[in-house]
Amino acid sequence: MAKRNADETFKIVLELQEQGLSRHDIKDRLGYKRLDSVTRIMTERGYTIDKSLDKYIINKDDKGMTGVTNNYKGIELLDDKGMTISIQQDLKNNIINLANDYDKIQEVLKWFENKANDKGMTGVIEVINEGIKINLPEAETIRTTIRINESTWNRFKKFAEEHKEFNQQDLMAQALEEYMNKYN
């Protein structure tokens, strides 16, 4: 038997279903050992299993709408002038996902339009970090030796490990600065 690509298999499965064959009979007729191989091909193209009918059916959203017209060649949409536009099968899932997230996309667009109309909006996006801020004066770094409580040092090493975006000397210097500012 000649090798088929997934799109050819998809078309054949739909044709055999129309002839009344069950999913298992279709799997056997196509020469597959496992039913999940056929099921994967169908789910990638927007189909799901209706176990009561033992058939693959188009996956519908909670409103019963598919949002696209399905045919064996892919999907077809009408443009503004009523012309049919054929879209490759691999874009089908992207279009369905966009349709499913339509409300979220509209909210983001409205938010952005409101911000764009805001006179105070600039081209800079400010990242607000509520966590650690290193604000040290410009100065040369020196090497020194200190004695410190072992338990405190172990806790500091663990803290520094959890905040690898900062080096230990900056964390220690910032802690000293904040302590001196607080009690000075």
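Undergrad: If you had to explain the packing of aromatic side chains to someone new, which residues and values would you point to?
TA: Under the definition given, this model contains three aromatic pairs. Where phenylalanine 10 meets tyrosine 47, the ring centres are 5.5 Å apart and the plane angle is 70°; that geometry is what we call edge-to-face. In this pair, phenylalanine 10 is assigned in helix α1 (residues 6-18) and tyrosine 47 in strand β1 (residues 47-50), connecting sequence segments 37 residues apart. A relative accessible area of 1% means that phenylalanine 10 is categorised as buried. For tyrosine 47, a relative accessible area of 9% translates into the label buried. Taking the ring centre of tyrosine 56 as reference, the NZ or CZ of arginine 23 above it sits at 5.6 Å.

Undergrad: Lay out the pairing of strand β2 (residues 55-58) with the relevant residues and their values.
TA: With four bridges joining them, β1 and β2 adopt antiparallel strand pairing. Looking at β2, one finds that tyrosine 47 is bridged to isoleucine 58. Counting the residues that bridge the hairpin from β1 to β2 gives four residues, and of these aspartate 54 lies at a positive phi of roughly 55°.

Undergrad: Help me get a handle on the pattern of salt bridges, residues and values and all.
TA: For side chains bearing opposite charge, pairing can occur when the charged atoms are close. Counted under the stated rule, the structure contains eight salt bridges. Where arginine 23 meets aspartate 54, a salt bridge forms, and the shortest distance between an N and an O atom there is 2.9 Å. Placement of arginine 23 in helix α2 (residues 23-30) and of aspartate 54 in the loop between β1 and β2 is noted, with a sequence separation of 31 residues between them. The partner of glutamate 44 in a salt bridge is arginine 40, and the shortest N-O contact between them spans 3.6 Å. Classification of glutamate 44 as partly exposed rests on a relative accessible area of 38%. The structure contains a network of salt bridges with shared partners spanning Asp7, Arg40, Glu44 and Arg45.

Undergrad: I'd like a rundown of the packing of α1 against helix α3 (residues 35-43), residues and numbers included.
TA: Interhelical geometry of α1 versus α3 gives an angle of 100° and a closest axis separation of 10 Å. Looking at the two axes, α1 sits roughly perpendicular to α3. Counted together, Ala6, Thr9, Phe10, Val13 and Leu14 of α1 and Val38, Ile41 and Met42 of α3 form the full contact between these two elements. Considered class by class, the residues forming the contact of α1 with α3 number seven nonpolar, one polar and no charged.

Undergrad: Could you give an account of the nonpolar core, naming the residues involved and the relevant values?
TA: Counting residues in hydrophobic clusters, the biggest one holds 13 residues, and the most contacted among them are Phe10, Val13, Ile26, Met42, Tyr47 and Tyr56. For this core, the secondary-structure elements that each account for two or more residues are α1, α2 and α3.

Undergrad: Talk me through the layout of surface pockets; I want residue IDs and the actual numbers.
TA: In this structure, the largest pocket occupies an estimated 1,000 Å³ of space. Put simply, the parts of the chain that give the lining of the largest pocket at least two residues each are α6 (150-162) and α7 (168-183). Element by element, the count of residues in the lining of the largest pocket is highest for α7, at 12 residues. Residues of the lining of the largest pocket, tallied by class, amount to 17 nonpolar, six polar and six charged.

About the cut-offs
Residues numbered from 1 in each chain as written. Predicted model: local features only at pLDDT ≥ 70, side-chain atom pairs only at ≥ 80, totals over all residues. Heavy atoms only, no water. Phe/Tyr/Trp six-rings, centres within 6.5 Å; stacked < 30°, edge-to-face > 60°. Helix = DSSP H or I, 4+ residues; strand = E, 2+ residues; numbered from the N terminus. Buried < 20%, exposed > 50% of the residue type's maximum accessible area, 1.4 Å probe, protein only. Lys NZ or Arg CZ within 6 Å of the ring centre and 35° of its normal. Pairing = 2+ DSSP bridges. Salt bridge = Lys/Arg side-chain N within 4 Å of Asp/Glu carboxyl O. Axes fitted to C-alpha atoms, helices over the stretch in contact; angles between N-to-C directions. Parallel < 35°, antiparallel > 145°, perpendicular 65-115°, else oblique. Contact = heavy atoms within 4.5 Å. Nonpolar A, V, L, I, M, F, W, Y, C, P; charged D, E, K, R; others polar. Core = buried A, V, L, I, M, F, W, Y, C linked by side-chain atoms within 4.5 Å. 1 Å grid on protein atoms, 1.4 Å probe; cavity = no way out; pocket = protein on both sides within 12 Å on 5 of 7 lines; lining within 4 Å. Points joined across faces, edges and corners; volume = space filled by probe spheres on them.

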